[in-house]
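Working through the structure, step by step
Below, each chain spelled out in residue letters.
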There are 2 protein chains.
Amino acid sequence: MSGADIAPLIVLVRPQMGENIGATARAMLNFGLKGLRLVAPRDGWPNPAAKAMAAGAAEVIDNARVFDTVVDAVSDCHLVLATTARHRGLFLPVHTPQVAAETLRTEAHAGRRTAILFGAEKSGLDSNEVAQAHGIINIPVNPSFSSLNLAQAVIVIAYEWSKAKGTQPLFESEYDDTPASMGEVDGMISHFIALLDQAGYFYPDHKRVVMERNVRTLLTNASMSSAETRLFRGMIRQLARMRAD
Amino acid sequence: MSGADIAPLIVLVRPQMGENIGATARAMLNFGLKGLRLVAPRDGWPNPAAKAMAAGAAEVIDNARVFDTVVDAVSDCHLVLATTARHRGLFLPVHTPQVAAETLRTEAHAGRRTAILFGAEKSGLDSNEVAQAHGIINIPVNPSFSSLNLAQAVIVIAYEWSKAKGTQPLFESEYDDTPASMGEVDGMISHFIALLDQAGYFYPDHKRVVMERNVRTLLTNASMSSAETRLFRGMIRQLARMRAD
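Thresholds, definitions, all that
Residues numbered from 1 in each chain as written. Chains lettered and ligands numbered in written order. Predicted model: local features only at pLDDT ≥ 70, side-chain atom pairs only at ≥ 80, totals over all residues. Heavy atoms only, no water. Helix = DSSP H or I, 4+ residues; strand = E, 2+ residues; numbered from the N terminus. Buried < 20%, exposed > 50% of the residue type's maximum accessible area, 1.4 Å probe, protein only. Contact = heavy atoms within 4.5 Å. Areas by Shrake-Rupley, 256 points an atom, 1.4 Å probe, with all protein chains shown as cover. Lys, Arg positive; Asp, Glu negative; His and termini not counted. Charge placed at Lys NZ, Arg CZ, Asp CG, Glu CD. Least-squares fit on C-alpha atoms with pLDDT ≥ 70 in both. Buried area = accessible area lost by both parts, 1.4 Å probe. Salt bridge = Lys/Arg side-chain N within 4 Å of Asp/Glu carboxyl O. Polar contact = N/O pair within 3.5 Å; in protein donor to acceptor, adjacent residues only side chain to side chain. Nonpolar A, V, L, I, M, F, W, Y, C, P; charged D, E, K, R; others polar. Pairing = 2+ DSSP bridges. Axes fitted to C-alpha atoms, helices over the stretch in contact; angles between N-to-C directions. pLDDT = per-residue confidence, 0-100. Parallel < 35°, antiparallel > 145°, perpendicular 65-115°, else oblique. Left-handed = near helix turned anticlockwise from the far one by under 90°. Core = buried A, V, L, I, M, F, W, Y, C linked by side-chain atoms within 4.5 Å.

**Details of the overall build of chain A**
A count of helical and extended segments in chain A gives 10 helices and 7 strands. For the C-alpha atoms alone, the extent of chain A along its principal axes is close to 90 × 40 × 40 Å. Buried positions account for 48% of the 245 residues belonging to chain A. Long-range pairs, those at least 24 residues apart, make up 83% of the contacts in chain A with a sequence separation of at least 6. Carbon and sulfur atoms form 53% of the exposed surface of chain A, whose accessible area is close to 12100 Å². The average position of the 24 basic charges and that of the 25 acidic charges among the side chains of chain A differ by 3 Å.

**Topic: the relation of the copies chain A and chain B**
For the pair chain A and chain B, the relating rotation is 180°, the translation along its axis is 0.0 Å, and the fit reaches an RMSD of 0.1 Å. Classification of the inter-copy transformation places it as that of a two-fold axis. A shared binding surface is used by both copies, with 100% of the interface residues of chain A retained as interface residues in chain B.

**Re the interface of chain A and chain B**
Of the residues lining the interface, 51 residues belong to chain A; the matching set on chain B comes to 51 residues. Here chain A packs against chain B, burying approximately 4400 Å² in sum over the two surfaces, 65% of which is carbon and sulfur. At the surface where chain A touches chain B, the tally comes to 2 salt bridges. Of the charged contacts in the structure, one is a salt bridge between K163(B) and E160(A), with a shortest N-O distance of 2.6 Å. Linking chain A with chain B are 14 residue pairs in polar contact (both at pLDDT 80 or more), by the criterion used here. Elements represented by at least two residues in the side of chain A that touches chain B include exactly α1 (18-30), α5 (97-109), α7 (150-163) and α10 (226-244) of chain A. Taken together, the residues that form the side of chain A that touches chain B break down as 27 nonpolar, 17 polar and 7 charged.

**Overview of the sheet that holds strand β6 (residues 114-118) of chain B**
Residues and elements named next belong to chain B. In space, the 7 strands of this open sheet follow the order β3-β2-β1-β6-β4-β7-β5, with parallel pairing throughout. For this open sheet the edge positions go to β3 (65-67) and β5 (94-95), each flanked by a neighbour on one side alone. Sheet topology note: the strand β4 (residues 79-83)/strand β7 (residues 135-137) ladder contains 3 bridges and is parallel. Looking at β7, one finds that L81 is bridged to G135. Sitting on the sheet, helix α1 (residues 18-30) is in contact with β1 (9-13) and β2 (36-39), with an inclination near 165° to β1. Docked against the sheet, helix α7 (residues 150-163) engages β1, β6 and β7, running at close to 150° with respect to β6.

**Here we look at the environment of Q152(B)**
Relative to the assigned elements, Q152(B) resides in helix α7. By relative accessible area, Q152(B) is classed as buried at 10%. Linking Q152(B) and T114(B), residues 38 residues apart in sequence, is a C-alpha distance of 20 Å. With near-sequence residues (within four places) excluded, Q152(B) lies in contact with A151(A), I155(A) and S147(B).

**So, the confidence of the model for chain A**
Across chain A, the average pLDDT comes to 88, with 91% of residues at 70 or higher. Complex prediction metrics read pTM 0.81 and ipTM 0.79.

**Quick look at the pairing of strand β6 (residues 114-118) of chain A**
Taken residue by residue, a regular strand's side chains alternate between the two faces of the sheet. Residue and element names in this part refer to chain A. β6 sits mainly inside the fold: 5 of its 5 residues count as buried. Neither face of β6 is left uncovered, since the one carrying T114, I116 and F118 and the one carrying A115 and L117 both have all their residues buried. Sheet topology note: the strand β1 (residues 9-13)/β6 ladder contains 4 bridges and is parallel. Opposite L9, over in β6, you have A115 as the bridge partner. Relative to β6, strand β4 (residues 79-83) runs parallel, the two being bridged by 5 bridges. Residue pairing across strands places A82 opposite L117, the latter belonging to β6.

**Structural notes on the sheet that holds β6(A)**
Each strand in a sheet pairs with another by means of backbone hydrogen bonds, the pair being arranged parallel or else antiparallel. Residues and elements named next belong to chain A. Taking strand neighbours across the sheet as the criterion, the 7 strands line up as β3-β2-β1-β6-β4-β7-β5 in an open arrangement whose pairing is parallel. This sheet does not close on itself; its edge strands, each paired only once, are β3 (65-67) and β5 (94-95). Pairing of β5 with strand β7 (residues 135-137) involves 2 bridges; the strand directions are parallel. Opposite H95, over in β7, you have I137 as the bridge partner. Packing of α5 onto the sheet brings it into contact with β4, β5, β6 and β7, and relative to β4 it is tilted by some 160°.

**Some thoughts on the packing of helix α8 (residues 182-198) of chain B against helix α9 (residues 208-220) of chain B**
Each packed pair of helices is defined by two parameters, the angle between the axes and the distance between the axes. Residues and elements named next belong to chain B. The interhelical angle for the contact between α8 and α9, taken along N-to-C directions, is 140°, at an axis separation of 10 Å. One finds that α8 runs oblique with respect to α9. α8 and α9 meet at a crossing whose hand is right-handed. Every residue of α9 that contacts α8 at M182, V185, D186, M188, I189, S190, F192, I193, L196 and D197 is listed here: R208, E212, V215, R216, L219 and T220. Here the residues of the contact of α8 with α9 sort into 9 nonpolar, 2 polar and 5 charged.

**Some points on the nonpolar core**
Judged by nonpolar contacts, the single largest core of 82 residues is most densely connected at L36(A), F118(A), L36(B) and F118(B). Apart from the residues lying within four places of it in its own chain, the contact partners of L36(B) are I10(B), L12(B), I21(B), M28(B), V60(B), I61(B), N63(B), A64(B) and R65(B).

Dropping the structure here:
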C-alpha cells in the first residue's frame, strides 16, 4: 500500500447540502486527500449539486463511498479522530490539528488506514458518534467568533496533514540569499566611501571620521546578501558616472 | 500598543465580489484578526454584500479602511508579506505560512505593525504589488489542483498566525491520561487472573502458565491510564458478581 493510498479518509457524517460536500471535495484535493466517505447524506447519493460544486475535484465525488453508520464507514480503519467544536464530557484525548496530523502521519507510515469524522453542517457530531473515535480534533478558533464552515474546517485539517509531510513552499525563490562575507561588505563600503569622498560628501573634514563610521555602520547592518552587495556597487558606480558627465 | 493591536493587517488588493470581502472578514475573526484594509475595491465602499456576508464579523467590515494604492495601505507597517500562488521571478524570499507566521509574531513582539497582501480573486497580485513586500507567503497546495478561494487562503494564514501564539486546543479534555503505574497494572492483572481462576478459565491446568502470561501481556501493553485500570477492575468485579448470582 503506497503512502498516497493511506492518507486519512474524510468521513462526512449526515451531511446536508450537496454544495458543502462538493466544497469539501475541493478542499481535500487542494491538499492531496482523495478518499471521501459519506454517512447517511440527507439528500441521498449521487447528488448533482455536490458534483457541480466539486468542479475539478469531481474524481473525489465520483469515488466517494456511502455508508449507513459511522461504524460501517470506518470498519477498515485503525485510527479514527472526530472533529468537534464543543466539549462533550467524553472520555477522549483532545488534539490540536497539528498534533492530530502528526499522529495520522505516524499511522500512515505504519501502513494503517485512518479516518477523520466531520459532523453535519449545523449540529456537528453527536456524542455517540464522537465516542466511536480514538480522539478529538479541536481547531482552536476565536472563542467569541467561531464560524468555520465544513469545507473550511476540512481545509485546516487537510493543510496540517499535508504539512506533516514536510514544510517546503511550492516554488523555490530565485532570491540568492547567501549572506555577504565581511570582505564583500568591506569592499562595498570602501568603494562607497571613495565615491562619496570624490563627491565632496565628507565635509567639514573634522567630521569625516564620524561620517565614515556612520556609513560603515549603516551598510554593515543592512543584512545584504552577496548578490546585493554587487547590485549596490553597480548602482553607486553608475551614480558616480552621472555626476562626472 | 497591545499584542492584539499589532496582529497583522489583512490587505485585500483590488478585491472584486463584496461577498468575498465579507467571507474574508469572517475568516479573519475566526482566528482573532480584526484589521482589514482594502486597496481599490472594484465595487466601491461601503459594500452591502460584504456586510451581509460578514454577518457576525460585521465589526471587521465596519472598521475596514480603504486606500488607493498598496503603498498607501501599508505606509504605517514595518513588515509586509505578499500571498501568491505563482512564481514571478522576483527577488524575494518565499516562506511557508508557518515560517511567515513566526516572522510576523517576532515583529508583533517587537511592537511593529505588519501586513499581509492578498490579490484579486482571479488574477492575484501583480508583480509590482508583490515587489512592495519584504517576502512572499506561498501556501503549499496540490500542484495539480489548486483552487483555494480568497477566504480559504486567509483561513490558512490566519490559522498559522493564531497557532504561533501557542498550540493549546480550545477546551481541555476531561480525559485523565495519567498513565497507570506498573503497580496499578499489576494489581489489575492479579485481580483479573484471580477472578478468571474462580471462573474456571485456566483449563487445562498445564496451560495455566502460558494463559496467565497471555493475560498479563495483553493488559500490560494496553496503555491504560490510571483511571482506566480502576474502570476495568470495576467492570470485571461486576462480571464476577453476575456469575455468582
